Amino acid sequence: MRVMGVDPGLTRCGVGVVEGAPGKRLHLVHVSVVRTAPDEDAALRLLGIEAGIEALMEEFRPDAVAVERVFSQHNVRTVMGTAQAAGVAMLAAARRGLPVALHTPSEAKAAVTGNGRADKAQVTRMVTRLLSLDAAPRPADAADALALAICHVWRGGAQQRLAHAQRSRIEEAARAERERLAARTRGGDVQ
């Protein structure tokens, strides 16, 4: 199973692609960070994140996408930007008919370190070890994206069967949406 993990953010959106199966060795396929300028208009930043994620999905063809579930913070502005970036990743996956799973930061930390309250350094060390990397992925957003992908790979079993069933429903919805948009475009009814 090939999973793309997305650690959403407006300035730095971590993306990691891992291949593996529950109980099997994990392999790093790709890791990077999609960046946008903090002084750019929010809509353009979201467009940049979407273009980056779409390009990576096209290149690496994941079977599923794992996105960090946005949790409440004191800084509402940060939460809003993170939620918007998460939505962009989810939309890009749905457009391709890919199942999307949301994992909390503590779920991803627990999956890779055994401790849901692990700090970023511990997560980075374990991701580096689990993927047999020569160097730690940087910045932390990249390591967090890989932790999300690993978390999703290891959940396997029942989760995978549910994702397969969901994928069929998502593929059908994506096909219907493409047909609807194509019909509107052919009919000149572009709004």
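Whatever comes next refers back to the structure up there.
Quick caveat, the model's predicted, so the values are computed rather than measured.

## A look at the packing of helix 3 (residues 105-113) against helix 4 (residues 120-130)
Between two packed helices, both the angle of their axes relative to each other and the distance between the axes serve to describe the pair. With their axes 9 Å apart at the nearest point, helix 3 and helix 4 run at an angle of 50 degrees to one another. Viewed along their axes, helix 3 and helix 4 adopt a mutual orientation that is oblique. Read as a crossing pair, helix 3 and helix 4 show a hand that is left-handed. Judged by residue contacts, Lys-109, Val-112 and Thr-113 of helix 3 engage Gln-122, Val-123, Met-126 and Leu-130 from helix 4. Of the residues belonging to the contact of helix 3 with helix 4, the class tally is four nonpolar, two polar and one charged.

## A closer look at the nonpolar core
Counting 22 residues, the largest nonpolar core has Met-4, Val-6, Ile-49, Ile-53, Met-57 and Val-65 as the members making the most contacts within it. For this core, the secondary structure elements donating two or more residues are strand 1 (2-7), strand 2 (12-19), helix 1 (42-60), strand 4 (64-68) and helix 2 (76-95). Residues within four places of Ile-49 in sequence aside, it is in contact with Gly-9, Leu-10, Cys-13, Val-34, Thr-36, Ala-85 and Val-88.

## A look at the pattern of salt bridges
Using the criterion set out here, one finds 11 salt bridges in the structure. A salt bridge links Glu-50 to Arg-95; the nearest nitrogen and oxygen atoms lie 3.0 Å apart. Residue Glu-50 is found in helix 1, and its partner Arg-95 is found in helix 2; the two are separated by 45 residues along the sequence. Judged by its relative accessible area of 38%, Arg-95 falls in the partly exposed class. The partner of Arg-175 in a salt bridge is Glu-179, and the shortest N-O contact between them spans 2.4 Å. With a gap of four residues between them, Arg-175 and Glu-179 both fall in helix 5 (residues 140-186), about one helical turn apart. Classification of Glu-179 as partly exposed rests on a relative accessible area of 44%. Linked through salt bridges whose partners overlap, the residues forming this network are Glu-50, Glu-54, Glu-58, Arg-61, Arg-95 and Arg-96.

What counts, and where the lines are drawn
- By convention here, each chain's residues receive numbers from 1 onward along its written sequence.
- With pLDDT at 70 or above as the cut-off, local features in this predicted model cover only qualifying residues; side-chain atom pairs require 80 or more to be listed or tallied, and sums for whole chains, interfaces and linings still use all residues.
- Hydrogens are left out, water is left out, and the side-chain values use all remaining heavy atoms of the structure.
- Each axis is a line fitted through C-alpha atoms, and for a helix only the stretch in contact is used; angles between axes span 0 to 180 degrees, taken between their N-to-C directions.
- Under the DSSP-based scheme used, a helix requires at least four consecutive residues in state H or I and a strand at least two consecutive residues in state E, with every element numbered from the N terminus.
- For this classification, under 35 degrees means roughly parallel, over 145 means roughly antiparallel, 65 to 115 means roughly perpendicular, and everything else is oblique.
- Two helices cross in a left-handed way if the nearer one is turned anticlockwise from the farther one by less than a right angle. They cross in a right-handed way if the turn is clockwise.
- We call two residues in contact whenever any of their non-hydrogen atoms come within 4.5 Å of each other.
- By the convention adopted, Pro, Cys, Tyr, Trp, Phe, Met, Ile, Leu, Val and Ala count as nonpolar, Lys, Arg, Asp and Glu as charged, and the other residues, Gly among them, as polar.
- The definition of a nonpolar core used throughout is a set of buried Ala, Val, Leu, Ile, Met, Phe, Trp, Tyr and Cys residues joined through side-chain atoms within 4.5 Å.
- Remark: exposure states derive from per-residue accessible area (1.4 Å probe, protein chains only) relative to the maximum for the residue type, with buried under 20%, exposed over 50%, and partly exposed in between.
- Salt bridge, as used here: a side-chain nitrogen of Lys or Arg that lies within 4 Å of a carboxyl oxygen of Asp or Glu.

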